Each structure stands twice: as structure tokens, then as C-alpha cells.
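Here is how the chains run, residue by residue.
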Amino acid sequence: MFLIIGYVVILASALGTYAIHGSLLALWVPTEYVAIVGLTIGYFLAANDIKIIKATVGAIPGILKGSKYNKAFYIDALAMLFEILAKVRKEGLMSIEGDIENPDASPIFSKYPNLVHDHHIMEFVTDYLRMMVGGNLNTVEIESLMDVELETHHHEAAEPGHVVSNIAGAVPAFGIVVAVMGVVNVMGALVGTFLGILISYGFVEPVAKLLEQKANEGATIYKTIKMVLLASMSGYAPQVAIEFGRKTLGSGVRPSFSELEEELKARKGK
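Residues numbered from 1 in each chain as written. Predicted model: local features only at pLDDT ≥ 70, side-chain atom pairs only at ≥ 80, totals over all residues. Heavy atoms only, no water.

*Asks:* Explain the pattern of salt bridges residue by residue, including any values.
*Replies:* In total, this model carries eight salt bridges according to the counting rule given. Where Lys71 meets Glu259, a salt bridge forms, and the shortest distance between an N and an O atom there is 3.4 Å. Separated by 188 residues along the polypeptide, Lys71 in helix 4 (residues 71–91) and Glu259 in helix 11 (residues 257–268) bring together distant segments of the chain. According to the relative accessible area criterion, Lys71 is partly exposed, its value standing at 30%. Judged by its relative accessible area of 34%, Glu259 is partly exposed. Via salt bridges that share partners, Glu101, Asp127 and Arg130 belong to a single interconnected network. (Salt bridge = Lys/Arg side-chain N within 4 Å of Asp/Glu carboxyl O. Helix = DSSP H or I, 4+ residues; strand = E, 2+ residues; numbered from the N terminus. Buried < 20%, exposed > 50% of the residue type's maximum accessible area, 1.4 Å probe, protein only.)

*Asks:* Requested: an account of the environment of His154, with residues and values cited.
*Replies:* Among the structural elements, His154 can be located in helix 8 (residues 139–181). A relative accessible area of 28% means that His154 is categorised as partly exposed. Placed 64 residues apart in sequence, His154 and Gly218 show a C-alpha to C-alpha distance of 8.1 Å.

*Asks:* Describe the side chain of Asp76, naming the residues involved and giving the relevant values.
*Replies:* Considering the arrangement of structural elements, one finds Asp76 in helix 4. The exposure class assigned to Asp76 is buried, which follows from its relative accessible area of 17%. Here Asp76 is in contact with Tyr112, Asn114, Leu115 and Arg267, once residues within four sequence places are set aside. (Contact = heavy atoms within 4.5 Å.)

*Asks:* Lay out the layout of surface pockets with the relevant residues and their values.
*Replies:* One way to see where empty space is left: roll a probe the size of a water molecule over the atoms. If you add up the space inside the largest pocket, you get close to 1,000 Å³. Considering the residues around the largest pocket, the lining is formed by 31 residues, among which Ala59, Tyr69, His120, His153 and Ala157 are closest to the centre. Counting residues per element, the lining of the largest pocket draws most heavily on helix 8, which supplies nine residues. Partitioned by chemical class, the residues of the lining of the largest pocket number eleven nonpolar, ten polar and ten charged. (1 Å grid on protein atoms, 1.4 Å probe; cavity = no way out; pocket = protein on both sides within 12 Å on 5 of 7 lines; lining within 4 Å. Points joined across faces, edges and corners; volume = space filled by probe spheres on them. Nonpolar A, V, L, I, M, F, W, Y, C, P; charged D, E, K, R; others polar.)

Keep in mind these numbers describe shape, not what the thing actually does.
Pasting the structure below:
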């Protein structure tokens, strides 16, 4: 929503200021628009492999939606981890084998559809719970493995933002190319330069920044899960383990200690 509002403000500012000094019709040079858009698309296709192209195109719609990583989401995540670790403490590690092998049918996981429907998060949780059940790795080894996986995940999630940022950097150059090609038509020669700079910094760069923010938001949930599971492996009770996870959250999404405690009590009573 704010991306669209920002675009409107950018256009109103740029075109409104220009309209005071000249006619907006002077900016209507369709061939320049077609050339710059074509060059931009061509650059995007030529500079990336098919996997990155698909990932970038797939990530774009997400920037128009509000973030799912809000306080309610993290309360759900911490409550889910608390329940599964409480079961482990009460009934032993082997008691969660059925839960991790079939999360959709799990009495615990199925309470949290927002998390279960995110296969990346559930895969991360169940993989490391499975390692805990196996008992073949110690805390240090699992933490090291988690760090490697998180680094890989964040790199992949951040790739679309880097790609769009590169495009934003290239668009002004395309504008200059188009302007030079149009130099024979003096009145329209600088429109390409104007369009290239406006599209780059006014339209493409904001998308790149939003994609980077989305990637950073998506990384936090994995760090939270990591801290809770490692704390549990170190012998802490579930109530203490989820406190380790709560502390990884930023102030905007972190539930207070009392909020989380009350929510867990309420869910336990259901």
C-alpha cells in the first residue's frame, strides 16, 4: 500500500513541478518509454539465470502485502515451540516423533495453521527436532549447522532485492543511451535521461529496498526458533527456553513477558 502511495507522491512531485515550467505533452515520447522498458527487461533476463528470475518475479507481489511477521505471529511461534518442548519434557523426546513426521496431523502443530502452511519454517523446526530425537549431535554441532542453513536461507531470500537494486542502477544508463539515440530529435532527446533517472530512483529502487526489508524480516523467525531449540537442548525448561527466543525479537513485534505468559496460560486451558 505504501509503495503505491509513494509512487503517487513521486509522480505528483516530479510531473507537478515540471508542469509549472512546461507542457506535460513534451514528456509523451512513446518510443522512449518502449526503448527504456525493453532495455530494462532485456538486462534483467540477460543478467540472471532462470532460478533467480523466477524467484524475483515471485517475490514482487509480496511487497504489496503487509508483513505477516507481526506480534501475533511470533506469539504463535513461541507458543507452538513451548507446547512441543513441554511435551518433550513431560513424555520424552520419542513422544514427538509422530508430530515431526506428519506436522499437518499433529495435535500440536495443527493448532497453528499460519506456521504449518509455511513449509520453510516447518521444515526448519521439524528437521532440528528430528536431530534432537536422534540424539547423535550435541548443541554446538547443531548450532553450527543451523548457522550454515540460516546463512544460506538469508542469501537466497535476499537475492531478489539485490537483483532489483542492480536493475535500478542500470536504468539511468539506459536512459542516457535512449537520449543519445534520440539526439537527432532535439526536443525529445533529454526525455530518455529524465525517464531513466525517474524510473530508477523513483520506482525501481524502492522495490529493491522493500525486497531487502522483506528478506530481513523473514530471517528473524528462524533465529527465534534456533534460540529456543538450543536453549532446550542445553537443559532449560520450556518456559525459560521460549524466553531465549522472545529476546531475539525487535521491539515492534516482541510480546512482553506478561503478554506471552498470559497467552500461554490461556492456550493451555483450551
